Amino acid sequence: MIVEPFMRSAALTGYADLCRSLAIPAASLMARVGLEPEILADQDRWIPASAVARLLELSAEASDRPAFALEMSGLRRLSTLGPISLVIREEPDLRSAIEVLLRHQSLYNEALNCALSEEGGLATIIVNLRLPETVKTRQAVELAVGVYHRILRDSLGSGWRPLTVCFAHPAPHPQDDHRRLFGPIVEFGRPFNGIMLYADDLDTLNPDADPQLLAYARHYLDMVTAQPPQTTPEERVRALIEVLLPTGRCSIEHVARSLHVDRRTLHRQLAASGLTFSSLLDTTRVRLATHLVAHRGRSLTEVAGPVGLRVAERLLQMVPGTLRMQRPRVACSGEPAPVDGQRPPKCQGPEHVPPAAARRARRGH
């Protein structure tokens, strides 16, 4: 069974800034693939890899920049890889760092299927993506290759150049940006995607490595990898519902198709956990609508778009009471903010008086 791979939203680091510099609308492009701009602020959010691949293709087309993803790769930092970056920083040499990166690639991107090959004094980092055949991957592949190139150059110095950078897809026009980043030898239409370099380069020592910190970092990584998977069938379905709700295509058929299973298989997977698609859809709608109404002050029309009119109407009726009482309060007169279940501090001013009491006060009762 093929399951939709997910990736950390940190993969889109620098996306909004690059779109702004190229005068293309990041928010509307993200909406077209079912992603909300809010995910850019949470690097640990897991999102469908296919949606990211489609977003990169749309952005390259909108900006008329064949090297859009390569420009994004230049904005990445090692820290965007998450917990694994703590170990990589302390590995004694480049070879060890690359091996750790490859061994734990599912910690930051489930779509990656990369490998290191060495033969005859040459080393090749091979980059593959496990995505549906219907999804264009040119930009996603170039982003992954660009990130590996950035890691190599950070370790080997800004003057380092790979022997060859290979791509399986056809050559873009022009190729100036690719050659400016990678060097003069960039080949397209090859059997694989990847970077070729001298194997000796991998033996380059890390002058900043700290053996003691490495021990702590590896222990931390072991604890992270020992935790249960964060993308169970239930969590994947919830994530896809959140993605598809704003697009108006949130049906069990669409979700099953995104997970590359049929409807019956999806029913069976959820039933194993005592769940149904309808129950997940309803709870996700209510949670999303509650967030939109209570924390963003959206109108009925705005909330009804992603969650449905019936849910929106029910929640908006709650706003004058329960939901607004649940919103974070700012303590006044130096008093501490109230804790859940405690009576809020008495404050002066109509904004702290229930609506009915406020009307009576204005009438002089």
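Preceding block: the structure.
The structure reproduced in this document is the subject of the present report. (Residues numbered from 1 in each chain as written. Predicted model: local features only at pLDDT ≥ 70, side-chain atom pairs only at ≥ 80, totals over all residues. Heavy atoms only, no water.)

1. Notes on helix α7 (residues 138-156)
Link 1 in the chain: Compared with an ideal rise of 1.5 Å per residue, which puts 19 residues at 27 Å, α7 spans 27 Å between its outermost C-alpha atoms and is within 8% of the ideal.
Link 2 in the chain: The buried fraction of α7 amounts to 14 of the 19 residues, a majority that puts the element mostly inside the structure.
Link 3 in the chain: Positive backbone phi, approximately 105 degrees, marks Gly157, located one or two places after α7. (Helix = DSSP H or I, 4+ residues; strand = E, 2+ residues; numbered from the N terminus. Expected span 1.5 Å × (residues − 1). Buried < 20%, exposed > 50% of the residue type's maximum accessible area, 1.4 Å probe, protein only.)

2. A few points about empty space enclosed by the protein
Link 1 in the chain: Applying the stated criterion across every chain yields a total of 1 cavity of 30 Å³ or more.
Link 2 in the chain: Lining the largest cavity we find 24 residues, and of these Met7, Arg76, Asn109, Leu112 and Ala144 sit closest to its centre.
Link 3 in the chain: For the lining of the largest cavity, the secondary structure elements donating two or more residues are β1 (6-8), α3 (49-63) and α7.
Link 4 in the chain: Of all the elements, α7 adds the most residues to the lining of the largest cavity, at 6 residues.
Link 5 in the chain: In the lining of the largest cavity, the residues fall into 20 nonpolar, 2 polar and 2 charged. (1 Å grid on protein atoms, 1.4 Å probe; cavity = no way out; pocket = protein on both sides within 12 Å on 5 of 7 lines; lining within 4 Å. Points joined across faces, edges and corners; volume = space filled by probe spheres on them. Nonpolar A, V, L, I, M, F, W, Y, C, P; charged D, E, K, R; others polar.)

3. Considerations on the pairing of strand β7 (residues 194-198)
Link 1 in the chain: Most of β7 sits out of view: 4 of its 5 residues are buried.
Link 2 in the chain: Across 5 bridges, the pairing between strand β4 (residues 122-126) and β7 is antiparallel. Bridge pairing in β7 links Ile125 to Ile195.
Link 3 in the chain: Examined bridge by bridge, strand β5 (residues 164-166) and β7 share 3 bridges and lie antiparallel to one another. Counted as the bridge partner of Thr164 is Met196 from β7. (Pairing = 2+ DSSP bridges.)

4. Digging into the nonpolar core
Link 1 in the chain: Leu12, Tyr15, Leu35, Phe68 and Tyr148 are the most contacted members of the largest nonpolar core, which totals 70 residues.
Link 2 in the chain: Sort the elements by how many residues they give to this core and α7 lands first, with 9 residues.
Link 3 in the chain: Setting aside residues up to four positions removed in sequence, Tyr148 forms contacts with Ile98, Leu101, Leu102, Tyr108, Cys114, Ile125, Val127 and Ile195.
Link 4 in the chain: Val237, Cys250, Val261 and Leu266 belong to the second-largest nonpolar core, a separate cluster that totals 15 residues. (Core = buried A, V, L, I, M, F, W, Y, C linked by side-chain atoms within 4.5 Å. Contact = heavy atoms within 4.5 Å.)

5. A closer look at the packing of aromatic side chains
Link 1 in the chain: Throughout the structure, instances matching the rule amount to 3 aromatic pairs.
Link 2 in the chain: Arranged with centres 5.5 Å apart and planes meeting at 20 degrees, the rings of Phe167 and Phe188 form a pair that is stacked. One end of the pair, Phe167, is in the loop between β5 and α8 (176-182); the other, Phe188, is in the loop between β6 (186-187) and β7, and 21 residues separate them in sequence. Like Phe188, Phe167 is buried.
Link 3 in the chain: One aromatic cluster in this structure is built from Phe167, Phe182 and Phe188. (Phe/Tyr/Trp six-rings, centres within 6.5 Å; stacked < 30°, edge-to-face > 60°.)

6. Overview of the packing of helix α6 (residues 94-103) against α7
Link 1 in the chain: Contact geometry of α6 with α7 gives a least axis separation of 11 Å together with a crossing angle of 160 degrees. One finds that α6 runs roughly antiparallel with respect to α7. Relative to α7, α6 is oriented so that their crossing is right-handed. Residue-level inspection shows Leu94, Ile98, Leu101 and Leu102 of α6 in contact with α7, the latter providing Tyr148, Ile151, Leu152, Ser155 and Leu156.
Link 2 in the chain: Its residues assigned to classes, the contact of α6 with α7 comprises 8 nonpolar, 1 polar and no charged. (Axes fitted to C-alpha atoms, helices over the stretch in contact; angles between N-to-C directions. Parallel < 35°, antiparallel > 145°, perpendicular 65-115°, else oblique. Left-handed = near helix turned anticlockwise from the far one by under 90°.)

7. Let's talk about the side chain of Ser85
Link 1 in the chain: Residue placement: Ser85 occurs in helix α5 (residues 84-90).
Link 2 in the chain: Overall, the relative accessible area of 3% leaves Ser85 in the buried class.
Link 3 in the chain: What Ser85 contacts, discounting residues up to four positions off in sequence, is Leu78 and Ser79.

The values are spatial; any link to function lies outside them.
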